[in-house]
Amino acid sequence: MTGARPNRPGRRAPRALAVALALVVAVATAVLPGREGAAAGPVAAEHPPLGVPFLPSPDPLEVSIDRLLARSLSVRTGVRIRLSDGTEVTTTQYTFKKLTIRRHMNVTQRADGHTVVIDVPEEGSLGGTDDQGNPQTTVMWGDITNICVRVLVRICGVQGLLNFFGSLIPLTAGAEDFEGRIYAIRTIDEQAGISDTDNPIHLPGTITVTAS
Amino acid sequence: MTPRARPEGRTHWRRGALVALPALLSAGGLAGAMTSGALALDLRIQDRPLRLATSSVYGTQYGAAVVDVPHTRPDGTTGTVRVLRMGFADGVINGLCLSQQQEIMGTTYTLLFTLGDDDPASWEITTQNTVLDVREATGVLDMDGVVDLNVDGTDVTTVDDEAGNPVDNPLGAPEHRFGIQAGYAKFDGITGTVQDIQIPGLLTTPRLDLSVRPGDVACPAPAPPVGTP
């Protein structure tokens with residue numbers, strides 16, 4: 001037969017005590033003193049940086065930007081860079097001035113055991129301007145596998161743009177469908193200071209780390 | 001129904017007091033220790049993630065790296081969870097709320113921890129070496145200075161040692177992991193899930209509240225910050 005159980009204090013007390021004990025444990029774990037860094041690995045690579053001012057992780061970033069604006073893009077091919085595992089790669093260095101995101105940027109790194117995603121669904125900045133409005137520099141090392149500009153007709157690919165524009169590619173009218181496999185990105189603001197507007201790196205979106 | 005069955009909605013004051021008293025005592029002890037400077041605030045949750053909401057976290061010498069955080073599962077087995085560990089050498093936090101759900105004897109409770117005030121212009125919490133272990137976070141991340149993406153995590157720096165030199169691998173990253181290095185960072189309007197949060201150098205003692213709420217209670221959505229620190 002089922003029905004309401006007798007309301008016996010003797011049965012309530014252990015339950016309440018267990019609840020209270022669990023809460024004490026939870027609070028205690030919340031205020032424990034500091035801990036050592038988790039899974040600390042060996043520090044510093046044996047090899048100095050080459051081609052890039054720092055040693056990038058060997059797992060490249062897959063970068064896509066649906067639409068972007070930039071004052072200019074210059075290209076330097078045959079750049080030899082060193083990754084943090086010591087391997088050397090010959091790749092391309094791209095230098096943007098005043099690079100802004102007009103629609104959706106996704107940066108994904110797929111590595112052994114995890115995936116990191118930085119997703120900016122609308123507008124943002126990956127260099128852009130400082131708080132004085134000065135154009136900033138963004139350098140990428142890797143391979144831009146696609147980028148398209150509409151100049152009467154749609155021109156795609158870095159080589160196609162170089163053929164059309166010459167060594168300094170203007171992107172002031174915008175570019176679209178940017179896809180790249182990028183080892184490293186550096187942006188530089190010599191007059192740095194966080195303001196509430198016009199920070200060179202401005203990423204309104206989501207950062208996620210998932211196991212894979 | 002037996003004659004002894006009680007009506008729905010009755011408040012069990014004695015049972016509630018038994019549950020709440022230890023938590024309130026712990027909260028009171030924590031607040032007292034912080035006030036006296038005897039205890040550095042260092043939150044750590046090993047077996048279950050925390051939900052976090054803050055109007056803004058701002059700091060200098062910002063670094064981030066993918067690391068493995070050890071944790072114990074509810075069944076007692078151990079493992080690691082991979083997170084993006086963000087570190088700020090010096091900084092301020094503009095209001096902070098953390099919530100953690102607890103299942104105790106089949107009943108859901110929420111530990112709700114708030115630090116600071118509700119004024120998005122006050123930037124009232126001053127810290128050193130703030131570390132967030134982010135599983136996912138939504139907000140506005142601004143960075144300035146020299147900003148590097150995909151730095152080897154072991155090369156990321158945040159805090160300095162006593163001699164003024166950067167501490168090697170302060171985030172404890174394994175080799176060849178994704179990292180970010182920036183001179184300044186401001187992360188606004190954050191809502192998300194963190195595996196761990198540490199604020200060992202709490203330089204101010206803002207208002208602290210720790211409460212136990214029945215059910216699954218979320219932190220309120222953070223107000224956008226006003227101005228800059």
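These numbers come from a predicted model, not from an experiment. (Residues numbered from 1 in each chain as written. Chains lettered and ligands numbered in written order. Predicted model: local features only at pLDDT ≥ 70, side-chain atom pairs only at ≥ 80, totals over all residues.)

**Q** Would you mind showing me how to read the overall build of chain A here?
**A** On a plain count of helices and strands, chain A comes out with two helices and nine strands. Reading the secondary structure of chain A in the N-to-C direction produces α-β-β-β-β-β-β-β-α-β-β. Classification of the 212 residues of chain A by burial places 34% in the buried group. Within chain A, contacts between residues separated by at least 24 positions form 76% of all contacts whose residues are at least 6 apart in sequence. (Helix = DSSP H or I, 4+ residues; strand = E, 2+ residues; numbered from the N terminus. Buried ≥ 20, exposed ≤ 12 C-beta atoms within 10 Å, placed from the backbone. Contact = placed C-beta atoms within 7 Å.)

**Q** Please explain the overall build of chain B as it appears in this structure.
**A** For chain B, the count of helices and strands is one helix and nine strands. Counting from the amino terminus, helix and strand elements in chain B follow one another as α-β-β-β-β-β-β-β-β-β. With 229 residues in all, chain B has 47% of them scored as buried. Restricting to contacts in chain B with at least 6 residues of sequence separation, those with at least 24 account for 82%.

**Q** Help me out: how do you make sense of the pairing of strand β4 (residues 114-120) of chain A in this one?
**A** A regular strand carries its side chains on alternate faces of the sheet. Residues and elements named next belong to chain A. Side-chain alternation along β4 places His114, Val116, Ile118 and Val120 on a buried face and Thr115, Val117 and Asp119 on a face that remains uncovered. Summarising the sheet, strand β3 (residues 100-111) and β4 pair through seven bridges and their orientation is antiparallel. Residue Val107 lies in a different strand from β4, and its bridge partner there is Ile118. Linkage of β3 to β4, two consecutive antiparallel strands, is achieved through a turn of two residues, within which Gly113 is found at a positive phi near 100°. With six bridges connecting them, β4 and strand β9 (residues 201-211) associate as antiparallel partners. Within the sheet, the bridge partner assigned to Ile118 lies in β9 and is Ile207. (Pairing = 2+ DSSP bridges.)

**Q** Before we go on, may I ask you to explain the environment of Leu132 of chain B in this structure?
**A** All names here are of chain B. Topologically, Leu132 is positioned in strand β5 (residues 125-144). Judged by local crowding, Leu132 falls into the buried class, with 25 C-beta atoms found within 10 Å. Residues contacting Leu132, with those up to four places away along its chain left out, are Met86, Val194 and Ile197.

**Q** Teacher, can you tell me more about unusual backbone geometry here?
**A** Most peptide bonds adopt trans geometry, and most residues besides glycine take a negative phi value. Residues and elements named next belong to chain B. Phi is positive for Met105, which is not a glycine, with a value near 50°. Mapped onto the fold, Met105 is located in the loop between β3 (96-104) and β4 (107-115). Its 11 C-beta neighbours within 10 Å are what place Met105 among the exposed residues. Unlike most non-glycine residues, Asn150 shows phi in positive territory, near 75°. By the secondary structure assignment, Asn150 is in the loop between β6 (146-149) and β7 (179-198).

**Q** Got a minute to help me understand the nonpolar core in this structure?
**A** Considering soluble globular proteins, one finds that nonpolar side chains tend to be buried as a cluster. Membership of the largest hydrophobic core comes to 90 residues, with the highest contact counts inside it found for Ile182 of chain A together with Ala65, Val66, Leu84, Val134, Met143 and Ala185 of chain B. In terms of residue count, the dominant contributor to this core is strand β1 (residues 50-72) of chain B (11 residues). With residues near it in sequence (within four places) discarded, Ala185 of chain B still touches Gly59, Tyr62, Phe88, Leu141, Asp142 and Met143 of chain B. (Core = buried A, V, L, I, M, F, W, Y, C linked by C-beta atoms within 7 Å.)

**Q** Can you help me understand the confidence of the model for chain A in this one?
**A** A low pLDDT score tells you not to read the predicted coordinates there in detail. All names here are of chain A. Here chain A averages 82 in pLDDT, and 76% of its residues register 70 or above. Mean pLDDT across the elements of chain A ranges from a minimum in helix α1 (residues 9-30), with 45, to a maximum in β4, with 98. Segment residues 1-13 is flagged for pLDDT under 50; beyond a separation of four residues in sequence, or across chains, it makes 10 contacts in the model. (pLDDT = per-residue confidence, 0-100.)

**Q** Please clarify how the confidence of the model for chain B should be interpreted in this entry.
**A** Residues and elements named next belong to chain B. Per-residue confidence for chain B gives a mean pLDDT of 81; residues scoring 70 or more make up 76%. Taken element by element, chain B is modelled with least confidence in helix α1 (residues 13-36), mean pLDDT 47, and with most confidence in β6, mean pLDDT 96. Segment residues 25-40: pLDDT under 50, and 20 contacts once partners within four positions in sequence are set aside and those in other chains are kept. The ipTM assigned to the predicted complex is 0.82, against a pTM of 0.81.

**Q** Sorry if this is basic, but what is going on with the pairing of β5 of chain B here?
**A** Residues and elements named next belong to chain B. Taking burial as the measure, the 20 residues of β5 include 15 buried ones, the bulk of the element. Relative to β5, strand β2 (residues 78-93) runs antiparallel, the two being bridged by nine bridges. The partner of Gly87 across the bridge, within β5, is Val131. Across 12 bridges, the pairing between β5 and β7 is antiparallel. Opposite Ala137, over in β7, you have Gly192 as the bridge partner.

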